[in-house]
Amino acid sequence: MPPIPPPHPSGTGAPTAGPPPAGVRRTGGAELVVAVPLDPAPVLASMAARAVPGVEEVGPGSVRRLVDLGGGHVVVTADVTADGVSLRTAEPVDPVALTRLVDRWFGTGDDLAAVRATLGADPLLAPLLAARPHLRVAGHPDGFEVAVQAVLTQQVSLRAGATTGGRLAAAFGREHASGLRAYPAPADVAAVDPVDLQAVLRVPHARARAVHAIAVACADGLTLAPGVDGAAVRTRLLAVPGVGPWTADVVALRALGDRDAYPAGDLVLRRALGVDHVRDVAAAGDAWTPWRAFAATHLWASRAVPV
């Protein structure tokens with residue numbers, strides 16, 4: 001793949017005049033700070049476990065990756081603390097685009113009081129919410145990456161799936177002057193023969209075909225981002241051989257920002273709930289709607305980063 005060109009100075013990602021959006025402080029250049037209470041440890045641990053080598057770097061208190069904010073890929077560094085999130089870019093960008101990004105990525109716009117009002121009385125979740133009152137649902141800047149990585153993580157560990165994603169990025173992602181790579185664009189993956197894709201990924205043929213089919217769908221206009229018709233996206237994903245309910249639910253939670261998304265087929269949720277069957281996980285979630293994504297996030301955190 002050719003290297004990524006610099007952002008277009010007058011494209012849709014160019015800076016706009018006027019004050020920054022409400023709730024965001026412009027500190028000069030391309031730095032925006034969102035001051036909200038946040039629990040950084042489980043968020044960063046989850047991102048570190050999923051980080052695709054060469055594409056995303058997660059360090060103590062920060063995440064760094066390329067993000068397309070409308071005018072081309074730019075390096076975005078997110079500094080994450082208990083007091084909120086600061087986003088920094090190397091190039092000037094539209095602060096409105098950064099505001100949308102920080103909410104999509106870190107859930108800074110969610111009303112945690114409303115979540116506590118529903119989940120705080122639940123006998124199982126109440127202690128978890130009390131221990132982590134500021135835990136938020138993390139999303140992702142790239143919906144296509146979420147979908148592909150969900151497929152590559154099927155029946156393997158998060159780290160194994162991330163390693164396979166690194167092979168995909170090394171083969172078809174575009175280099176950037178920062179040393180990072182952009183995760184491959186759907187059209188670039190769709191253009192690869194599934195047999196050749198399997199050879200790169202070193203996965204079963206059915207899994208490579210699922211990745212290819214998702215790439216074709218996204219290249220043809222399927223959008224995996226907040227604000228889309230979640231039911232329609234789910235229908236299209238489930239029509240792809242090799243994509244089941246768990247994968248579709250993960251995409252809804254991490255890419256679409258659906259706060260009621262709930263991957264009932266998740267093995268860690270079964271372990272956290274102490275049950276053996278998907279139906280038992282699904283039944284437990286009935287009481288947690290419309291905030292089942294928060295319930296899942298608290299249960300995951302209780303296993304990954306105990307208080």
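Refer to the structure above for everything that follows.
Residues numbered from 1 in each chain as written. Predicted model: local features only at pLDDT ≥ 70, side-chain atom pairs only at ≥ 80, totals over all residues. Heavy atoms only, no water.

(A) Representation of the pattern of salt bridges. As enumerated under the stated definition, the model contains 10 salt bridges in all. With a shortest N-O distance of 3.5 Å, Arg181 and Glu175 are connected by a salt bridge. Owing to a relative accessible area of 40%, Glu175 belongs among the partly exposed residues under this scheme. We note a salt bridge from Arg292 to Asp260, for which the minimum N-O separation is 3.1 Å. In this pair, Arg292 sits in helix H14 (residues 292-304) while Asp260 sits in the loop between helix H11 (245-254) and helix H12 (267-273), placing the two residues 32 residues apart along the sequence. Overall, Arg292 belongs to the partly exposed group, its relative accessible area being 22%. A single salt-bridge network, built from bridges that share partners, covers Glu56, Arg65 and Glu145. (Salt bridge = Lys/Arg side-chain N within 4 Å of Asp/Glu carboxyl O. Buried < 20%, exposed > 50% of the residue type's maximum accessible area, 1.4 Å probe, protein only. Helix = DSSP H or I, 4+ residues; strand = E, 2+ residues; numbered from the N terminus.)

(B) Representation of the packing of aromatic side chains. Taken as a whole and judged by the stated rule, the model has four aromatic pairs. Between Trp105 and Phe106, the ring centres sit 5.0 Å apart and the planes meet at 35°, which makes this aromatic pair tilted. Side by side, Trp105 and Phe106 carry an identical accessibility label, which is buried. Ring centres of Trp291 and Phe294 lie 5.9 Å apart, and the angle between their planes is 75°; on these two criteria the pair is classed as edge-to-face. (Phe/Tyr/Trp six-rings, centres within 6.5 Å; stacked < 30°, edge-to-face > 60°.)

(C) Here's a closer look at the pairing of strand S3 (residues 56-59). Sheet topology places S3 next to strand S4 (residues 62-68); four bridges connect them, and they run antiparallel. Along S4, the bridge assignment pairs Gly59 with Ser62. Counted between consecutive antiparallel strands, the loop separating S3 from S4 contains two residues, among which Gly61 sits at a positive phi close to 80°. (Pairing = 2+ DSSP bridges.)

(D) Region of interest: the environment of Gly227. Considering the arrangement of structural elements, one finds Gly227 in the loop between helix H9 (205-219) and helix H10 (230-238). Sequence separation of Gly227 and Gln155 is 72 residues, and the distance between their C-alpha atoms is 30 Å.

(E) Molecular detail of the layout of surface pockets. The computed volume of the largest pocket comes to approximately 970 Å³. Breaking the lining of the largest pocket down by element, the ones donating at least two residues are helix H1 (40-50), helix H5 (143-152), helix H6 (158-172), H11, H12 and H14. Sorting elements by how many residues they give to the lining of the largest pocket places H1 first, with seven residues. Residue classes in the lining of the largest pocket are distributed as 23 nonpolar, 10 polar and six charged. Roughly 810 Å³ of volume is contained in the second largest pocket. Together, 32 residues line the second largest pocket, and Val67, Asp68, His73, Pro141 and Asp142 are the ones closest to its centre. If you list the elements that add at least two residues to the lining of the second largest pocket, you get S4, helix H2 (95-106), H5 and helix H7 (186-190). (1 Å grid on protein atoms, 1.4 Å probe; cavity = no way out; pocket = protein on both sides within 12 Å on 5 of 7 lines; lining within 4 Å. Points joined across faces, edges and corners; volume = space filled by probe spheres on them. Nonpolar A, V, L, I, M, F, W, Y, C, P; charged D, E, K, R; others polar.)

(F) Quick look at the side chain of Arg65. With respect to the helices, strands and loops of the structure, Arg65 is situated in strand S4. Looking at Arg65, its side chain comes within polar contact range of the side chain of Glu56, at 2.7 Å. In terms of polar contacts, Arg65 uses its side chain to reach the side chain of Glu145, at 2.7 Å. Once residues within four sequence positions are removed from consideration, Arg65 is found in contact with Val55, Glu56, Val74, Val75, Val76, Trp105, His140, Pro141, Asp142, Glu145 and Leu180. (Polar contact = N/O pair within 3.5 Å; in protein donor to acceptor, adjacent residues only side chain to side chain. Contact = heavy atoms within 4.5 Å.)

(G) Looking closely at the side chain of Glu145. In this structure, Glu145 sits in helix H5. Classification of Glu145 by relative accessible area gives buried; the value is 3%. At a separation of 3.4 Å, a polar atom in the side chain of Glu145 contacts the side chain of His140. Setting aside its immediate chain neighbours within four residues, Glu145 contacts Val52, Val55, Arg65, His140 and Tyr183.

(H) Geometry of unusual backbone geometry. A cis amide bond links Thr289 with the next residue in sequence, Pro290, at an omega value of 10°. You can see Pro290 is positioned in the loop between helix H13 (278-285) and H14. Phi at Gln155 takes a positive value of approximately 65°, unusual for a residue other than glycine. Along the polypeptide, Gln155 turns up in the loop between H5 and H6. Under the relative-accessibility criterion, Gln155 is labelled exposed at 79%. We note that Arg202 has phi near 60°; this positive angle belongs to a residue other than glycine. The residue Arg202 is located in the loop between helix H8 (194-201) and H9 in this model. Classification of Arg202 by relative accessible area gives exposed; the value is 61%.

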